[in-house]
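# Architecture at a glance
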Amino acid sequence: MNCAFWDGLGKQWGTVLEETLKGYQPVLFPFNSFQDLVAIARTTILDAVVIPCNSSIKRELALGKRAKTVPALMVVPVVLWHPDAASETAGRILSSPVDELVIGSPDDPAARARLRLAIRRSHRDLDVNPSSRLPGPMSIEHVLREKIRRHEHFSVCYADLDDFKAYNDYYGYFYGDRVIKLTARVIRDAVFEHQVDGFVGHIGGDDFVFVVHPSKAERICRAILQRFDAEIGDCYDPRDRRNGYIISTNRRSVPETYPLMGLSIAVVINHGDTFQHVGEISHMVADLKKYAKTLPGSNYVIERRSKY
């Protein structure tokens with residue numbers, strides 16, 4: 001974790017943050033001015049900016065406000081840490097553009113916990129896909145890594161729309177986004193109806209991942225494809241739906257006929273210790289997905305071979 005902090009109140013804050021964030025393996029970047037912070041943000045992807053305060057918050061609050069005007073810091077949590085903010089002071093801070101207020105002395109366990117929670121919440125929010133509202137790549141990797149570590153039996157199912165680019169080019173991004181939302185809803189509903197503790201994530205674009213028990217994978221895949229095929233026609237205008245295709249330019253700018261979109265799902269199974277790390281899963285499922293997409297219409301394919 002990369003954390004910048006204002007050390008205008010003394011170098012001891014570096015020690016405080018080192019201890020507070022030790023579970024995150026922090027790399028600390030002290031700064032003494034707004035210009036220093038901007039220089040750090042230009043060369044480093046920051047996870048948090050912490051501004052310790054004294055009884056007067058005028059300088060610190062101004063620094064926090066200016067930080068949120070920097071494009072590289074707009075999505076980075078800017079946290080003001082005040083030792084004993086009165087209600088009036090707290091109100092001024094919370095009505096400012098900064099993201100979080102931590103109240104308590106530097107050695108207060110509750111204050112330290114609030115800082116960790118603020119950073120954790122920021123990581124979670126940044127990982128959520130804005131269209132589907134599903135967890136993104138960081139959460140997907142975390143779930144798979146933990147399941148591998150616990151030697152669980154699980155299925156990783158990679159769902160990918162067929163000919164989505166042609167549709168998006170033909171109808172435009174607004175309608176393409178509607179298809180992404182429909183696909184996310186269909187997958188999410190089918191997974192949670194069959195396994196309440198299943199996991200559904202959105203890698204990005206038209207790529208989704210869901211993780212379920214191997215005994216339920218086929219049933220869930222069939223439910224997803226059935227619902228998807230029943231609803232995807234509504235995303236086309238009546239003429240294209242009747243024709244069963246659209247004509248859109250391909251990557252070589254040549255007109256080409258594309259059928260109504262299908263959904264391909266590649267499924268690989270971890271039998272307790274089949275995989276040692278997430279990269280092995282990613283490699284196998286990517287290879288299987290290529291095969292699934294060669295099949296006409298919506299399909300799912302389950303890898304029956306051993307790991308290679």
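All figures in this text were calculated on a predicted structure; none of them were measured in a lab. Residue indices follow the written sequence of each chain, beginning from 1 at its first position. In view of the model being predicted, local features appear only for residues whose pLDDT reaches at least 70, and side-chain atom pairs are presented and counted only at 80 or more, with totals across whole chains, interfaces and linings using the full set of residues. For side-chain calculations, the full set of non-hydrogen atoms in the structure is used, while hydrogens and water are omitted.

## Some details on the overall build of the protein chain
Secondary structure elements follow DSSP: runs of H or I of four or more residues count as helices, runs of E of two or more count as strands, with numbering from the N terminus. Helix and strand counts for the protein chain come out as 11 helices and 12 strands. Taking 2.2 N^0.38 as the reference for a compact globule, 308 residues should give roughly 19 Å; the C-alpha atoms of the protein chain span a radius of gyration of 24 Å, well beyond that estimate. Its C-alpha atoms put the protein chain at 70 × 45 × 35 Å along the principal axes. The cut-offs for exposure are 20% and 50% of the maximum accessible area for each residue type, with area from a 1.4 Å probe on protein chains only; residues under the lower value are buried, those over the upper are exposed, and the others partly exposed. By residue count, 47% of the 308 residues in the protein chain fall in the buried class. For the protein chain, contacts bridging at least 24 residues in sequence account for 65% of all contacts bridging at least 6. Counting every atom, the protein chain has about 15,800 Å² of accessible surface; 52% of that belongs to carbon and sulfur. Residues counted as positive are Lys and Arg, residues counted as negative are Asp and Glu, and His and the chain ends are not counted. Working definition for charges: the position is that of NZ of Lys, CZ of Arg, CG of Asp or CD of Glu. Distance between charge centres in the protein chain, computed from 40 positive and 38 negative side chains, equals 2 Å. Between the two quantities, the radius of gyration covers C-alpha atoms and the globule rule is 2.2 Å times the number of residues to the power 0.38. Throughout, a contact is declared for two residues whenever any of their heavy atoms are within 4.5 Å. Note on areas: Shrake-Rupley with a 1.4 Å probe; residue coverage comes only from the protein chains shown.

## With respect to the pattern of salt bridges
What makes a salt bridge here is a side-chain nitrogen of Lys or Arg within 4 Å of a carboxyl oxygen of Asp or Glu, nothing more. By the definition in use, this model includes 18 salt bridges. Two residues, Arg150 and Glu152, come together in a salt bridge whose shortest N-O distance is 2.7 Å. In this structure Arg150 comes out as partly exposed when scored by relative accessible area, which is 43%. Asp162 is the partner of Lys293 in a salt bridge, and the nearest nitrogen-oxygen pair spans 2.9 Å.

## Considerations on the pairing of strand 12 (residues 299-302)
Summarising the sheet, strand 11 (residues 263-271) and strand 12 pair through 4 bridges and their orientation is parallel. When the sheet's bridge partners are listed, Ala266 is paired in strand 12 with Val301. Two strands make a pair as long as DSSP finds a minimum of two bridges between them.

## Some words on the sheet that holds strand 4 (residues 78-82)
Spatial strand order, 2-1-3-4-5: 5 strands in an open sheet with parallel pairing. With partners counted over all chains shown, the strands left at the sheet margins are strand 2 (27-31) and strand 5 (100-103), one partner each. Taking each pair of neighbouring strands and ignoring which way they run, the sheet shows an average axis angle of 25 degrees. By the bridge criterion, 5 bridges tie strand 1 (residues 2-6) to strand 2 in an arrangement that is parallel. Counted as the bridge partner of Ala4 is Phe29 from strand 2. An axis is simply a line fitted to the C-alpha atoms; with a helix, the fit covers only the stretch in contact. Between two such axes, the angle follows the N-to-C directions and lies from 0 to 180 degrees.

## Observations concerning unusual backbone geometry
Look at Arg133: it is not a glycine, yet its phi comes out positive at around 60 degrees. With a phi angle near 55 degrees, His151 is a residue other than glycine that sits in the positive phi range.

## Remarks on the side chain of Asp7
Along the chain, the position of Asp7 falls in the loop between strand 1 and helix 1 (12-20). Residue Asp7 is classed as buried on the basis of its relative accessible area, which comes to 7%. Sequence-distant contacts of Asp7, that is, excluding residues within four places in its chain, are made with Pro30, Phe31 and Asn32.

## So, a nonpolar patch on the surface
Together, Met74, Val75 and Leu126 give the surface a local cluster of nonpolar side chains, amounting to about 300 Å² of exposed area. Mapped onto the elements, Val75 comes out in the loop between helix 3 (58-67) and strand 4. Surface patches are drawn from residues lacking salt bridges whose relative accessible area is over 30%; two like charges belong together within 9 Å, two nonpolar side chains (Val, Leu, Ile, Met, Phe, Trp, Tyr) within 5 Å.

## Here's the deal with the packing of aromatic side chains
Here a Phe, Tyr or Trp ring, Trp counted by its six-membered ring, pairs with any other such ring whose centre lies within 6.5 Å, and the pair is stacked when the planes are under 30 degrees apart, edge-to-face when over 60, and tilted otherwise. If you walk through the whole model with that rule in mind, you get 7 aromatic pairs. Ring centres of Tyr167 and Tyr171 lie 4.6 Å apart, and the angle between their planes is 35 degrees; this geometry places the pair in the tilted category. Here the residue Tyr167 and the residue Tyr171 both occupy positions in helix 7 (residues 164-171), the gap between them amounting to 4 residues, near one helical turn. Its relative accessible area of 18% is what places Tyr171 among the buried residues. Ring geometry for Tyr171 and Tyr175: centres 6.2 Å apart, planes at 55 degrees, overall tilted. Site record: aromatic cluster; members linked through ring pairs are Tyr167, Tyr170, Tyr171, Phe174, Tyr175 and Tyr236. Two thresholds decide whether a charge sits over a ring: the Lys NZ or Arg CZ must be within 6 Å of the ring centre and within 35 degrees of the ring normal. It is Arg66 that lies over the ring of Phe34; its NZ or CZ is 3.9 Å from the centre.

## Here we look at the side chain of Asp207
Structurally, Asp207 is set in strand 8 (residues 207-212). There is no salt bridge for the buried Asp207, and the closest opposite charge comes from Lys289, which lies 4.6 Å off by N-O distance. Here a polar contact means two N or O atoms within 3.5 Å. Within protein one must be a hydrogen donor candidate and the other an acceptor candidate, and residues neighboring in sequence count only if both atoms are side-chain atoms. Reaching out from Asp207, the side chain makes a polar contact with the side chain of Tyr158 at a distance of 3.1 Å. Contact partners of Asp207, with chain neighbours within four places excluded, come to Tyr158, Ala159, Asp160 and His202.

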